[in-house]
Amino acid sequence: WRQRLHNPTCRTMTEPRQTATVRHPSRPRIGLLFDYDWDARAHEALGGGFAYDRAGFDLFSFPSNARLINFDLDSFAARQARRARQRGWAGVVSHHEQFGALAAALVAEAAGLPGTTPEAVIACQHKLHARHVLDRVCPEANLRFSELDARYGGPIPQGLAYPSYVKPVKAAFSVLARPVRHERELHEHTRFGKRELWVIRRLVEPFERVAQRRMPGCGTAHRMMLEEPVRAAQYNLDGYVFDGRLHVLGVVDAVMYPGTQAFMRWDMPSRLAGPVAERAAEVARKFLAAVGFTHGLFNMEFFHDAASDRLAVIEFNPRLASQFGDLYRRVHGLDAHAIGLALALGQDPATLPRAAPTAGAAASFVYRTFDLRDRVPPMPGPRQRARLAHEFPDAMLFQFPKSGHSLERDFKWLGSHRYAIVHLGGRDAHDLRRRCEAASAILGWPAPYGDVHAATPEDFGARDALAARPLR
């Protein structure tokens with residue numbers, strides 16, 4: 001990631017240097033919107049130099065997520081903009097995909113704070129619109145795509161090409177995204193019960209109202225779309241845009257559970273060749289410039305087929321991929337969350353110091369169960385957590401156990417249940433695996449390596465029709 005890209009308009013982070021920076025009070029006040037999980041931990045670690053005001057709710061925990069019932073994004077952003085002016089916010093930050101990134105852009109605009117435009121965020125998050133933009137500025141990196149001309153639960157049009165990959169026009173965490181082999185599979189996948197439709201509409205409607213007001217030409221987000229299926233390795237390009245110039249942080253490799261389309265872990269450092277990473281950065285530069293994304297962190301998910309050398313974009317996320325921030329700190333000594341705060345203050349992130357790396361390799365390990373009939377593995381008790389903290393003081397543990405309708409919805413929408421994530425570092429890839437297997441044994445869970453799950457064709461469709469696509 002330290003290597004300078006050949007394109008003069010696209011450069012990497014530089015060594016810390018003495019330059020003038022924007023001056024703020026000794027503890028500038030930052031608005032943090034929808035700040036949970038990785039973001040909350042990272043911002044707390046950086047909190048000594050900042051005063052935080054938080055707002056938003058956790059979509060994945062009750063009763064916090066009950067606020068989804070009457071949530072209006074415009075009203076929320078207007079309230080936070082008033083709060084920003086009253087309390088003297090120096091910046092506003094959110095790395096939350098569903099609501100936060102767009103809310104932060106609306107607040108920054110209304111309160112006169114540094115940020116990108118709401119239109120740029122909408123253009124990235126509206127997946128069908130983003131495909132049209134990419135087709136115009138970088139068609140060689142695009143996938144074949146089309147709108148699924150059917151309302152939720154409506155009849156499936158005739159004459160569609162199969163196999164195909166279906167996904168919502170607006171969603172997060174690859175919800176309801178999967179390959180389909182034929183019309184019957186697509187029909188079954190798009191049948192929703194009343195409870196499911198209620199959740200889907202309330203997840204999309206806040207974005208829909210803002211998008212229709214700010215960019216009506218995008219068309220409704222209350223629909224699904226089709227893309228060509230792809231079998232190729234997947235990667236994540238992370239970076240930021242400051243003063244209109246794109247800067248690359250690095251690349252994270254995605255590893256799937258064997259025979260599935262579900263993430264097993266994310267690895268760093270990347271095995272992707274440098275020239276391919278440079279091509280990916282150039283694609284990002286063209287797309288982000290086309291949608292007017294001029295200030296902020298971004299993440300580009302993409303395929304690269306080593307045999308054909310084809311690079312194809314999956315999607316653009318107009319915010320930090322928070323889960324990777326810890327990996328960059330461990331392996332590169334680079335704090336992506338500190339970069340987010342600097343951008344919120346209008347400061348050049350290239351002036352930030354870097355810490356010494358603590359690991360030669362690091363990974364975000366994802367623990368899943370693939371059969372609804374299986375018992376969800378028990379969560380570790382106090383003794384197990386204490387032992388993990390003692391033997392692996394660098395470990396980060398996140399638990400996401402579900403039951404009842406929420407668990408059933410995971411299997412319908414995601415094809416599996418992600419019950420936990422652990423972050424660890426190691427001297428190298430071999431040491432990292434050894435440490436992961438030992439930590440997993442303490443927790444009582446299978447380590448996310450090798451043939452952990454022997455998938456059957458019924459899991460996600462026949463293997464020869466699988467698209468190597470993510471289900472977080």
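For the structure, check the block above.
Every chain is numbered independently, its residues counted from 1 as its sequence is written. Totals for whole chains, interfaces and linings use every residue, but because this is a predicted model, local features are given only for residues with pLDDT of at least 70 and side-chain atom pairs only at 80 or more, for both listing and counting. With hydrogens and water set aside, each side-chain value is computed from the structure's full complement of heavy atoms.

Strands are runs of DSSP state E lasting at least two residues, helices are runs of H or I lasting at least four, and both sets are numbered from the N terminus onward. Counting secondary structure elements, the protein chain contains 14 helices and 16 strands. Here the protein chain, with 472 residues, has 58% of them falling under the buried criterion. We call two residues contacting when some pair of their heavy atoms lies within 4.5 Å. Long-range pairs, those at least 24 residues apart, make up 71% of the contacts in the protein chain with a sequence separation of at least 6. Partly exposed residues are those whose accessible area sits between 20% and 50% of the maximum for their type, while under 20% is buried and over 50% is exposed, using a 1.4 Å probe and protein chains only.

Moving on, we come to the packing of helix α3 (residues 100-111) against helix α7 (residues 194-214). Packing of α3 against α7 leaves a shortest axis separation of 11 Å and a crossing angle of 50°. Classified by the interaxial angle, the pair formed by α3 and α7 is oblique. Helix-helix and strand crossings are classified by hand; for α3 and α7 the assignment is left-handed. Together, Leu102, Leu106 and Glu109 of α3 and Phe207, Val210, Arg213 and Arg214 of α7 make up the contact between the two elements. Classification convention: Asp, Glu, Lys, Arg as charged; Ala, Val, Leu, Ile, Met, Phe, Trp, Tyr, Cys, Pro as nonpolar; all other residues, Gly among them, as polar. Partitioning the contact of α3 with α7 into residue classes produces four nonpolar, no polar and three charged. The convention used is that axes are lines fitted to C-alpha atoms, helices contributing only their stretch in contact, and that angles between N-to-C directions extend from 0 to 180 degrees. Throughout, the term roughly parallel applies to angles under 35 degrees, roughly antiparallel to angles over 145, roughly perpendicular to angles from 65 to 115, and oblique to all others. Helix crossings get a hand from a simple test, with the near helix turned counterclockwise from the far one by less than a right angle marking a left-handed crossing and a clockwise turn marking a right-handed one.

As a further point, take empty space enclosed by the protein. Here a cavity means grid points, on a 1 Å grid over the protein atoms only, where a 1.4 Å probe fits yet cannot get out; a pocket means an open set of points with protein on both sides within 12 Å along at least five of seven lines; lining residues are those with an atom within 4 Å of a point. Grid points are joined across faces, edges and corners, and a volume is the space filled by probe spheres set on the points. All chains considered together, the criterion is met by four cavities of 30 Å³ or more. Approximately 280 Å³ is the volume attributed to the largest cavity. Listing elements by their share of the lining of the largest cavity, those giving two or more residues are β4 (91-93), α3, β12 (296-305) and α10 (336-344). It is α3 that contributes the most residues to the lining of the largest cavity, four residues altogether. Grouping the constituent residues of the lining of the largest cavity by class yields 13 nonpolar, seven polar and one charged.

This part takes up the packing of aromatic side chains. Note on ring pairs: Phe, Tyr and Trp rings are taken, using the six-membered ring of Trp, and paired if centres are within 6.5 Å. Classes follow the plane angle, with under 30 degrees stacked, over 60 edge-to-face and the rest tilted. In this structure the tally under the stated criterion is 20 aromatic pairs. With a centroid separation of 6.1 Å and 85° between ring planes, the pair formed by Phe34 and Phe71 is classed as edge-to-face. A residue pair is termed long-range when its members are at least 10 positions apart, and Phe34 in the loop between β2 (29-33) and α1 (38-45) and Phe71 in the loop between β3 (51-55) and α2 (73-87) qualify at 37 residues. In this structure, Phe34 and Phe71 share a single accessibility class: buried. Ring geometry for Phe57 and Phe71: centres 5.3 Å apart, planes at 75°, overall edge-to-face. Note that Phe57 is positioned in the loop between β3 and α2 and Phe71 in the loop between β3 and α2, a separation of 14 residues in sequence. The two residues Phe57 and Phe71 agree in class, both being buried.

Of note, Thr116 is situated in the loop between α3 and α4 (118-125). Taking the relative accessible area as the measure of exposure, Thr116 reaches 11% and is therefore buried. Of the polar contacts made by the side chain of Thr116, one reaches the backbone nitrogen of Thr294; its length is 3.5 Å. Residues within four places of Thr116 in sequence aside, it is in contact with Ala105, Val121, Gly292, Phe293, Thr294 and His295. Within 3.5 Å is the distance limit for a polar contact, defined as a pair of N or O atoms, with the added protein rule that one can donate a hydrogen and the other accept it, and that residues adjacent in sequence qualify only through two side-chain atoms.

All right, on to the sheet that holds β3 then. A strand pair is defined by DSSP finding two or more bridges across the two strands. Judged by pairing direction, the sheet is parallel, and its three strands sit side by side in the order β3-β2-β4 without closing on themselves. At either margin of the open sheet sits one strand with a lone partner, and together these are β3 and β4. Direction aside, neighbouring strands of the sheet carry axes that sit 25° apart on average. Bridge analysis of β2 against β4 gives three bridges, and the strand direction is parallel. When the bridges of β4 are listed, Leu32 appears paired with Val93.

On to the sheet that holds strand β7 (residues 178-180). Taken together, the four strands give an open sheet; going across it, the order is β5-β8-β6-β7, and neighbouring strands pair in antiparallel fashion. Each having just a single partner strand, β5 (145-148) and β7 make up the two edges of the open sheet. Strand-to-strand twist in this sheet, taken as the mean axis angle between neighbours without regard to direction, amounts to 35°. Note that β5 and strand β8 (residues 224-227) share four bridges and pair antiparallel. Residue pairing across strands places Glu147 opposite Met225, the latter belonging to β8.

Keep in mind that these numbers describe shape and distance, not what the molecule does.
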